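Residues per chain are reported as follows:
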Amino acid sequence: MSGQTTTRPVPPPPRPDGPRHRATPDRFGAGARVVTGEPGCGRTRFLDRAARTFTAGPVAHVRADPARSAVPYSGLRSLLHTLGDPTAGMRRGLLETLRAVAARAPLLVCVDDAHLWDAPSRAALGRAAAQLCASTDVRLLLTVPGHRPLGREFARLPVRQLDPLSPAEAADLLDEVTRGDVDGGVRDDLVDAAEGNPALLFALVRRLSPAQVRGDRPLPRPLADAGVLTGLVGRHLSGLTPEQHDVLLTVAAAARDDEDAPADVDTVLRAVGRLRDGGSPSLPDLLMSADGAVRFRSELLRRAVYAGAPHERRRAVHRALAHALEDEGGPALRVLLHRSWSRAEPGPGPAAELALAAAEAGGPARRCAAYTRAAELADGARERAEHRTAAAEQALLAGRAHRARRLLDAARAGSAPPDVRGRAELLRGTVALHDGPVDEAQASLLLAASLLAGRDPAAAGAAALGAFDAAWAGGDPAGCRGALDRCGEVAGPRPRTVHDYRLGAHALLAGHVARAARSLRHVIEPAAEADAPEEALRAATAALMLGDVDAARHSAARALAAARTHAAATIVPRAREYLAYAELRAGRHAVARAHAEEGLRAAHRAGQRNTAAHHHAVLALAASIEGESGLVAAHADAALRTARRHGLAQAATLAEWAAARADLAHGRPREAAERLGPLVGPGPRRGHFAVWMLAVPCFVEAAVRAGRPDGARTAVADLARWAGLGADPHAPAQLLRCQALLAPPDRADALYRRALDRHDSAGGDFERARTELLHGRWLRRRRRLSEARDRLGAALVGFERCGARPWADQARDELRANGVSAAGPRGRAAAAHHVPFGLTAPPALSVLTPQQLRIARCVAEGATNREVALTLSVSTRTVDYHLRKVFATLGVRSRVELARLVQQAERTGAHP
């Protein structure tokens, strides 16, 4: 089957609303923006979505007509016609026309492919766009291609670059376009080959038969061949001179050994001069150069140029590059690589020389290319397996997990001795640990430990500890102990830290924290000046096990710095993960979110879906404090999708906890208790063995507020045992708070005060403010109003300090119920309307008191009086009393009328 055969139509679906596609015109504000990106990135779909989602006023959506690009002012006339008055518009000018339309209502103008307009229209559009300002209620979005320089008409405008799809977005898009029929391995191959370009992804799917999509037939190799690539972008390469073609091909060939690195301008020009027997070639505008380096503006065009060139010309270009590099004293590894790619004759080549040079110089990407080429040129099965395994190791360090898998599959296909197989299984397990089912990772790593035992003790020990990490991620304590035992069985010299880590982890699993600390400190302390990123990461793990967040932060930061020094892209997202967890445990949620956002981007680039799931869980937890319900749901869902598929019990537990804490923050204790009950209770649905206890304080509070205190008593007993271990600095204060929630009135006050004393030593604004809020609520209900005011005021300050908006709203509500005007930057604005912040009343409801407003809204949502009482932590008699007042004040006679009035008022009034 040829590369252009279509066996079934695959219509391009709507683009997914991933992070870069959720942008709306309102996010840009008034003024003009240029939207750009490489061919196939989705500029047109971006504008279509902007036009669909803009509801504030009229939309003028114009697409350029290439057939009229030579007709003066044809583009401008089409826009003015869309705006409704082309004749008057031509007379007074585009800018004044836009202002006149926007004077009636906010205006969105979308101009697709503005570069195809005629020159006078482009000039008029550029002048008008440059003069638009934030005070003019016009939003102007223009799209132009990103593979050429921006035209001078639009050069002064701000630019919005459409980035490639992340692997997760591309996978979701594939599932949609294939209606879920795509095989998992085929999905990964397609996502890797498309490199985030949606148009290329569609083209690759259209190339496959249904059997190939399902994984029943082998895929064509390469997936993105010359036919597919030139079919997408060949028109952008037409009209070039032979000399320009040679310059482009030389730049494309120069990047073959490291696709992320730009080429040296002098090397390229010297090679082109040798290729064409002299001359002074210029750089086509498809390239951009800066600081002596040159690269393609579009990666898709680079791939198309190289794939579409004849084999003989490619070899000639590599030969010219090898000579140019040699003449200027360039790196020997690059000279050898380009010389090997210039070979015309089949058969064995300088494999050993390439492998030796790769071992001594070059970054991970270049070393991967060298070992891969050495495997192609080797004449023995053992040598090929060794070189492919070495290439996979470098691909993993470069953050190319999928490429590492492909290389390991090729290494497994041939016969190899046990030590080579052991190294391959070690790498395979490492890849799966961060980007696959963790039970598969555990099995591969244990097999690697067996194959390497007696041959490479250090690698065997590393494999066994990797199996421990896989079992930990999967929530398998027995598997953790088995992996640690396997590590202890490895004979031979190994780093002392491996022995200490094994002993410390064993002791911790047995509940002997003091004994574990003695061993794990020997892992943490040497890493303070470690240059090896893996050693620093292991120290960060040990510190998190002990609850030493300061040491965890220091070690993870050390790992991050070392990873950058060694260009180890695979370490960066994991170092960010440990930094995020450490900051989260320390109560610095905003800092944790910043690390997780950076880590999520790095995990996507490195192809580490499991690591990305952990970052999503951290972001969900941070959002559950800051009150962003939509973000909590989005990040929790993203974490759970991967966690359920790959068996990530830790990420799943944290994501569920985040969703429950968001319920608790927004006054839904019953839902929070129902979500957390299985996680903290006994049985197979209990959460991860090392983190479920962190969710117990939320469960106890939710259960008590929902009127189900009996279900919380067992969990408090579990929390007492956890606090006694001393591994969590916040646990003693949280335990006292939970005991206060369940205690009789004569004991509760003292328990709350002891909890606050404990918070003084543990630190953390958020946890202390939660205790102050619960204590203040307890005091208010016992009419100890002065004491309640002090506690609730302190809670409000603490919540505002850490950005916990919905929790701060709870404190304000309690203060108002206590008869105090809620101060604070937002409290004063809300108090001016006599309603809590976050419950801004529409005009029809503004006559209600804050308590009446809360009850009215609960009833309008369908809650019974008992359910309202549980939600608001008041008695049913109180609800009955206030509901009668609501009916009388609003003049309604039934719950149906009340619900209709509330809904109508919400639609026409202000919203939270």
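Residues numbered from 1 in each chain as written. Predicted model: local features only at pLDDT ≥ 70, side-chain atom pairs only at ≥ 80, totals over all residues. Heavy atoms only, no water.

**Student:** What is the right way to look at the side chain of Asp718 in this model?
**Tutor:** Within the fold, Asp718 resides in helix H36 (residues 713–725). Sequence-distant contacts of Asp718, defined by excluding residues within four places in its chain, comprise Val680, Arg686, Trp692 and Met693. (Helix = DSSP H or I, 4+ residues; strand = E, 2+ residues; numbered from the N terminus. Contact = heavy atoms within 4.5 Å.)

**Student:** I'm lost on the sheet that holds strand S8 (residues 293–296) in this one. Help?
**Tutor:** Pairing between the strands of a sheet comes from backbone hydrogen bonds, and it takes one of two forms, parallel or antiparallel. Ordered by their spatial adjacency, 3 strands build an open sheet running S6-S8-S7, and the pairing between neighbours is antiparallel. Among the strands making up the open sheet, the edge pair consists of strand S6 (263–264) and strand S7 (287–290). With 2 bridges joining them, S6 and S8 adopt antiparallel strand pairing. Bridging from a neighbouring strand, Ala263 pairs with Val294 of S8. Along the sheet, helix H12 (residues 242–254) contacts S6, S7 and S8; its crossing angle with S8, the most-contacted strand, is approximately 100°. (Pairing = 2+ DSSP bridges. Axes fitted to C-alpha atoms, helices over the stretch in contact; angles between N-to-C directions.)

**Student:** For this particular structure, what's the right way to read the packing of aromatic side chains?
**Tutor:** The geometry of two aromatic rings is summed up by the distance between their centres and the angle between their planes. Scanning all chains against the criterion turns up 7 aromatic pairs. Ring plane angle 85° and centroid distance 5.9 Å describe the contact between Phe468 and Tyr501, whose orientation is recorded as edge-to-face. Residue Phe468 is found in helix H23 (residues 457–473), and its partner Tyr501 is found in helix H25 (residues 496–509); the two are separated by 33 residues along the sequence. Taken individually, Phe468 and Tyr501 each receive the classification buried, so the pair is uniform in this respect. Here Trp472 and Phe689 contribute two aromatic rings whose centre-to-centre distance is 5.1 Å and whose plane-to-plane angle is 75°, an arrangement assigned as edge-to-face. On the criterion of sequence distance, the pair formed by Trp472 in helix H23 and Phe689 in the loop between helix H34 (669–680) and helix H35 (696–705) is long-range, its members being 217 residues apart. Overall, the relative accessible area of 19% leaves Trp472 in the buried class. The exposure class assigned to Phe689 is partly exposed, which follows from its relative accessible area of 26%. Members of the aromatic cluster, each reached through a chain of ring pairs, are Phe468, Trp472, Tyr501 and Phe689. (Phe/Tyr/Trp six-rings, centres within 6.5 Å; stacked < 30°, edge-to-face > 60°. Buried < 20%, exposed > 50% of the residue type's maximum accessible area, 1.4 Å probe, protein only.)

**Student:** I would appreciate a short explanation of the sheet that holds strand S5 (residues 159–161) in the present structure.
**Tutor:** Within the open sheet, the 5 strands sit side by side as S2-S3-S4-S1-S5. Their pairing is parallel. Whereas interior strands pair on both sides, the edge strands pair on one side only; in this sheet they are strand S2 (59–63) and S5. Across the sheet, the mean angle from the axis of one strand to that of its neighbour is 20°, orientation sign disregarded. Strands strand S3 (107–112) and strand S4 (138–145) of the sheet are contacted by helix H5 (residues 94–102), whose axis makes an angle of about 140° with S3.

**Student:** Looking at this model, I keep getting lost on the packing of helix H39 (residues 765–781) against helix H40 (residues 785–801). Mind explaining?
**Tutor:** Think of two packed helices as two axes; the pair is described by the angle between the axes and how far apart they sit. Between H39 and H40, the least distance of the axes is 8 Å, while the angle of their chain directions is 155°. Relative to H40, the element H39 lies roughly antiparallel. The way H39 lies across H40 gives a crossing that is left-handed. Taken together, the residues of H40 that come into contact with H39 (itself represented by Asp765, Phe766, Ala769, Arg770, Glu772, Leu773, His775, Gly776, Arg777, Leu779 and Arg780) are Leu785, Glu787, Ala788, Arg791, Leu792, Ala794, Ala795, Gly798, Phe799 and Arg801. Of the residues belonging to the contact of H39 with H40, the class tally is 10 nonpolar, 3 polar and 8 charged. (Parallel < 35°, antiparallel > 145°, perpendicular 65-115°, else oblique. Left-handed = near helix turned anticlockwise from the far one by under 90°. Nonpolar A, V, L, I, M, F, W, Y, C, P; charged D, E, K, R; others polar.)

Interpretation in functional terms is not warranted from these geometric data alone.
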